[in-house]
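Observations on chain architecture
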Amino acid sequence: MELYEQLHETAAAIRARAPGFNPKVGIILGSGLGGFADGFEEKVSLPYRELPHFPASTVPGHAGRLVLGKLGGEPVVAMQGRVHYYEGFTPAQVAFPARVLCTLGIKALVVTNAAGGINLEFAPGDLMVITDHLNLSGWNVLTGPNDDRLGPRFPDMSAAYNPQLRALLLECAQRRNIALRQGVYAILSGPSYETPAEIRMLRTLGADAVGMSTVPEVIAAAHMGVPVAGISCITNLAAGIGHKPLSHGEVAETANRVKDVFAALLSDFLPRIAKV
Ligand code: HPA
């Protein structure tokens, strides 16, 4: 079965489990940030393993379910957990869930992640609006034959992180007195964290934060013509800056520490996108 048919089959399976529910905004919740969706109203939770063609994550801290519900009265859909290339999934599988959200007819996709801070002004616990990315993963989700029903062969990436959504996000943060950083997110394939030399290289290249996710989903959304907003939670100083070893424990701990601020920001932002 072709990707296009798979997407529609999965979307139909989701609609069958949540009849009449048409989410206006989709959000992908990164490492340690999944709890946000627990606060939705009229929730319907669908474990990934119950959805046809859906890849299920193997990483601790990634719950692996789709949560449909209402936020500020607006229908939204969240991915609690995502899959990564380093887990052994193909590029097409990594992008599949984001494509499903786009197939459900969302007006915008909000992507979030945990990231290491490269910019020396950043501190663990900071939130960063993603202004652009560096795809240094070594692969691209669009490799292979293009299906024109999904999007063009050569999608434009010059405003991949939608400027209007960015402005709206900054406005929401200001109203709630939440400090937001802005910067460029670089993806490396992982799963080993970067070396200090790699972090110096990334800083020279213009990266402010580094991680192992998000870029695939953003490229898939750009392909399908869905505007994107991105937020990184800076969970740790990148390798070689803080002179201490990096660990998933620290990443999870910091994400957990900022979860309330993060939730406050998103609870304001998502319904506002839906209303635009
Ligand atoms: N590097 C890569 N990925 C990450 C990091 C990091 O320092 N922190 C959280 N995800």
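In what follows, the structure referred to is the one given above.
Now for a look at the structure at hand. (Residues numbered from 1 in each chain as written. Predicted model: local features only at pLDDT ≥ 70, side-chain atom pairs only at ≥ 80, totals over all residues. Heavy atoms only, no water.)

**Regarding the packing of aromatic side chains**
By the definition in use, this model includes 4 aromatic pairs. For the pair Y48 and F54, a centre-to-centre distance of 4.8 Å together with 40° between the ring planes defines the contact as tilted. When sorted by exposure, Y48 lands in the same class as F54, which is buried. Aromatic side chains Y85 and W139 sit 4.4 Å apart centroid to centroid with 25° between the ring planes, which places their arrangement in the stacked category. With Y85 in the loop between β4 (74-80) and α2 (91-103) and W139 in the loop between β6 (127-135) and α3 (163-175), this residue pair connects regions lying 54 residues apart in the sequence. Note on Y85: relative accessible area 35%, which makes it partly exposed. In textbook terms, an aromatic cluster arises when at least three aromatic residues are bridged by ring pairs, as seen for Y48, F54 and F96. Here the guanidinium or amino end of R149 rests over the ring plane of Y4, the centre of that ring lying 4.1 Å away. (Phe/Tyr/Trp six-rings, centres within 6.5 Å; stacked < 30°, edge-to-face > 60°. Buried < 20%, exposed > 50% of the residue type's maximum accessible area, 1.4 Å probe, protein only. Helix = DSSP H or I, 4+ residues; strand = E, 2+ residues; numbered from the N terminus. Lys NZ or Arg CZ within 6 Å of the ring centre and 35° of its normal.)

**Concerning unusual backbone geometry**
Note the cis peptide between G190 and P191, where omega equals 0°. If you trace the backbone, P191 turns up in the loop between β7 (180-187) and α4 (196-205). One non-glycine residue, E42, lies in the positive phi region at around 50°. Tracing the backbone through its elements, the reader meets E42 in strand β2 (residues 41-47). Exposure remark for E42: the relative accessible area of 59% places this residue in the exposed category. In this structure, T214 takes a positive phi of about 70° despite not being glycine. In this fold, T214 is placed in the loop between β8 (209-211) and α5 (215-223). On the basis of relative accessible area, T214 is assigned to the buried category, the value being 0%.

**Quick word on the pairing of strand β5 (residues 108-117)**
Judged by how many residues are buried, β5 sits mostly within the fold: 10 of 10 residues are covered. With 9 bridges connecting them, β5 and strand β9 (residues 228-237) associate as parallel partners. Of the residues in β9, the one forming a bridge with N113 is S232. Two elements, β5 and β8, share 2 bridges in a ladder whose sense is antiparallel. Note that in β8 the partner of G117 across the bridge is A209. (Pairing = 2+ DSSP bridges.)

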